[in-house]
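Given next are the chains, with one letter for each unit.
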Amino acid sequence: MIAADSKFRFFWNILISLVSIGAVLVLPLSLVYPILSPAMAVLSGLFLSMLFAIDLVLEFFTSYVRIGQVVTDRKEIASRYLRHGFVLDLISALPWFLMVSLLFESGSSAFSLIGLVHLLKLVKANRLVKTLVEERINPAILRLMLLVFWIIIAAHLISCAWIIVSGNPDQLAPVDRYVLAMYWTVTTITTIGYGDITPKGTTQILFVIMVEIFGAAMYGLVIGNIAGLIANIDVAKTQYKEKLEKINAFFKYRAIPAEIKRKIDNYYAYLWETRRGYNEMAILDDLPNALKESVALCLNKEIIEKVPLFNSAEPPLIRDIIINLKPAVFTPGDYVVRAGEYGDEVFFISRGSVDVMSPDETAKYATLTSGAFFGEMALLLSTARTATIKAVEYCDLYVLDKATFDKVIGRYPAFQESIRKMAEERRKQNEAAARK
Ligand code: CMP
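What counts as what
- Residues numbered from 1 in each chain as written.
- Predicted model: local features only at pLDDT ≥ 70, side-chain atom pairs only at ≥ 80, totals over all residues.
- Heavy atoms only, no water.
- Near = heavy atom within 4 Å.
- Polar contact = N/O pair within 3.5 Å; in protein donor to acceptor, adjacent residues only side chain to side chain.
- Areas by Shrake-Rupley, 256 points an atom, 1.4 Å probe, with all protein chains shown as cover.
- Helix = DSSP H or I, 4+ residues; strand = E, 2+ residues; numbered from the N terminus.
- Core = buried A, V, L, I, M, F, W, Y, C linked by side-chain atoms within 4.5 Å.
- Buried < 20%, exposed > 50% of the residue type's maximum accessible area, 1.4 Å probe, protein only.
- Contact = heavy atoms within 4.5 Å.
- Axes fitted to C-alpha atoms, helices over the stretch in contact; angles between N-to-C directions.
- Parallel < 35°, antiparallel > 145°, perpendicular 65-115°, else oblique.
- Left-handed = near helix turned anticlockwise from the far one by under 90°.

Asks: Run through the site of the ligand, naming residues and quoting values.
Replies: In the vicinity of the ligand there are 17 residues, among which G375, E376, R385, T386 and N430 approach most closely. Here an oxygen atom of the ligand and a backbone polar atom of M377 are 3.4 Å apart. Take R385: an N or O atom from its side chain is 2.6 Å from an oxygen atom of the ligand. Its free accessible area being 460 Å², the ligand has 98% of it covered by the protein chains. Sorting the residues of the shell around the ligand by element identifies β7 (364-368), α18 (376-381) and α20 (413-435) as the ones contributing at least two each.

Asks: Can you break down the nonpolar core residue by residue, with the values?
Replies: Core analysis: the largest hydrophobic core is formed by 26 residues, its most contacted members being F310, I321, L325, F348, F405 and F415. When residues of this core are traced back to their parent elements, those giving at least two are α15 (301-306), α16 (308-311), α17 (315-322), β5 (345-351), α18, β10 (395-401), α19 (402-411) and α20. Top contributing element to this core by residue count: α17, with four residues. When sequence neighbours within four positions are dropped, the list of residues in contact with F348 reads I303, V307, F310, L325, A372, F373, D396, L397, Y398 and L400. The next biggest cluster of nonpolar side chains, apart from the first, holds 20 residues, and it includes I16, V19, A93 and L122.

Asks: Can you break down the packing of helix α2 (residues 38-60) against helix α4 (residues 86-93) residue by residue, with the values?
Replies: In contact at an axis separation of 8 Å, α2 and α4 are set at 155° when each is read in the N-to-C sense. Taken as axis vectors, α2 and α4 run roughly antiparallel relative to one another. Crossing handedness for the pair α2 and α4: left-handed. On α4, the residues that touch S49, F52, A53, D55, L56, E59 and F60 of α2 are F86, D89, L90, S92 and A93.

Shown next, in the form of C-alpha cells:
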C-alpha cells in the first residue's frame with residue numbers, strides 16, 4: 001500500500017502532471033507541424049499509455065484520507081476510484097496510437113487526432129497540482145493560477161486548430177505562423193477582435209463562430225472569476241475593511257467627535273496588526289469543548305510562557321486557567337482598573353505596559369509590563385481595588401474571572417500562596433509609599 005502523502009507518491013504526481021502538461025503542448029503542435037515522425041508518434045503514444053496505465057494501477061494501491069482518517073482498505077479504495085476518476089484515467093491510458101495505426105495509414109489526420117485523447121489526463125493533472133500546492137498557496141491565488149493555466153492551454157489548442165483550418169497563406173515560418181495564430185486567438189477570445197485577420201470560406205467562418213462563442217463565454221467567466229478571486233485573496237482583510245466602512249458610516253451618522261473616531265480607528269488598526277481582526281473568543285466559542293481546549297492552549301501559549309507565576313505551575317492548573325482566559329485590548333490612557341471600585345477580574349499582561357497609581361493618581365506605585373499580573377488583591381482580600389491602573393500604550397491583556405480564580409486558588413494551595421505573597425508585598429510597598 002502506498003501512502004497518499006508519501007515521497008514516492010509526491011514525485012509520481014509531479015511526474016504525471018509534467019508529462020500531461022508536456023503532452024498537451026506537444027501533441028496539438030504535432031498535428032500542425034511534422035515535429036513527430038509517425039514512428040515517434042507511436043512511440044510517444046505508447047510511452048504515455050504505459051505511464052498512464054502504471055498510474056491507473058497505482059491508484060488501486062494508494063491509500064487516501066477521509067475526514068482525517070487514512071483509508072487503507074483495498075475495497076474502499078477501489079470503489080472510490082471507480083466512482084471518481086477511473087474512467088478518464090482508463091481512456092487516457094489506452095494505446096490509441098497503436099490501435100489507430102493498425103486501422104489507418106500512419107500519418108493520416110485520424111492517426112494524429114486520436115492522440116489528443118491522452119489530453120484527458122490533464123483533468124487529473126489539474127487535480128494533482130491542486131493537491132500538491134494546496135497547503136502552500138492561498139486557495140484564491142491557486143484558483144487564479146489554474147484559471148490562467150487553463151486559458152493558456154485553451155489558447156494553445158485554438159491556435160493549433162486555427163492553423164489547421166486556415167493553413168499558412170503567407171508562407172510564414174512555423175514559429176511566425178504559430179505566433180500569428182496565437183495573436184488571432186487572443187484577440188478573438190478576449191473579444192477585442194481587431195478584424196485584421198478574417199475567416200475565408202465556410203469552414204473558417206464556422207470555426208470562428210465557435211471560437212467567438214467560446215471566447216465570449218470564457219471572457220465573462222474569467223472577468224467574473226477574477227473579480228471574485230481578488231476579493232477572496234484576502235478574505236479576512238476584505239471582511240475587515242467592510243466592517244470598518246460600516247462602523248465609520250455609523251459614526252458619521254451619529255456625529256461622533258473626530259477625536260474619539262481617531263482613537264477607534266487606531267484601536268482597529270491595532271486589532272488588525274496583532275490578530276488580523278479576528279475575534280478569538282468567537283472562533284473558540286464555535287468549537288466543541290475538547291477542541292476548544294487544544295486551540296486555547298495553542299493561542300494562549302505565549303502568555304503562559306511569559307508569566308513567571310505559571311513557570312512552576314502544574315499542567316492541570318495551567319489548563320484550568322488557560323481555557324478561561326479572555327483576551328482584552330486597552331488603548332493608551334485607558335483605565336483598566338479604578339481604585340475603590342469592586343472588581344471581579346485578574347489581568348495578565350501579554351503585550352504593552354500599565355501604570356499602577358495611588359487612588360488619587362498623584363503617586364505612581366509601579367509600571368507593570370509583559371508577563372506581570374494585577375487585580376489579585378481585591379479578589380483575595382474581598383475588598384475594593386487598592387490602586388488605579390492605566391494603560392501606558394496599547395495593551396494586550398488576558399482576563400481571568402473571579403469564579404475561575406477562586407476555583408483555582410482553592411484547588412492549588414501552592415499557587416494561592418505565591419499570589420498571596422505577591423499581594424502582601426505590594427500592599428506593604430504601597431503603605432510605605434503612602435507614609436513617605
Ligand atoms: P487590586 O487591588 O485588585 O487592583 C489594583 C491592582 O494593582 C492590585 O490589585 C494589584 O494587583 C496592583 N498593585 C497594587 N499595588 C501594586 C504595586 N505596588 N506594584 C504592582 N502592582 C500593584
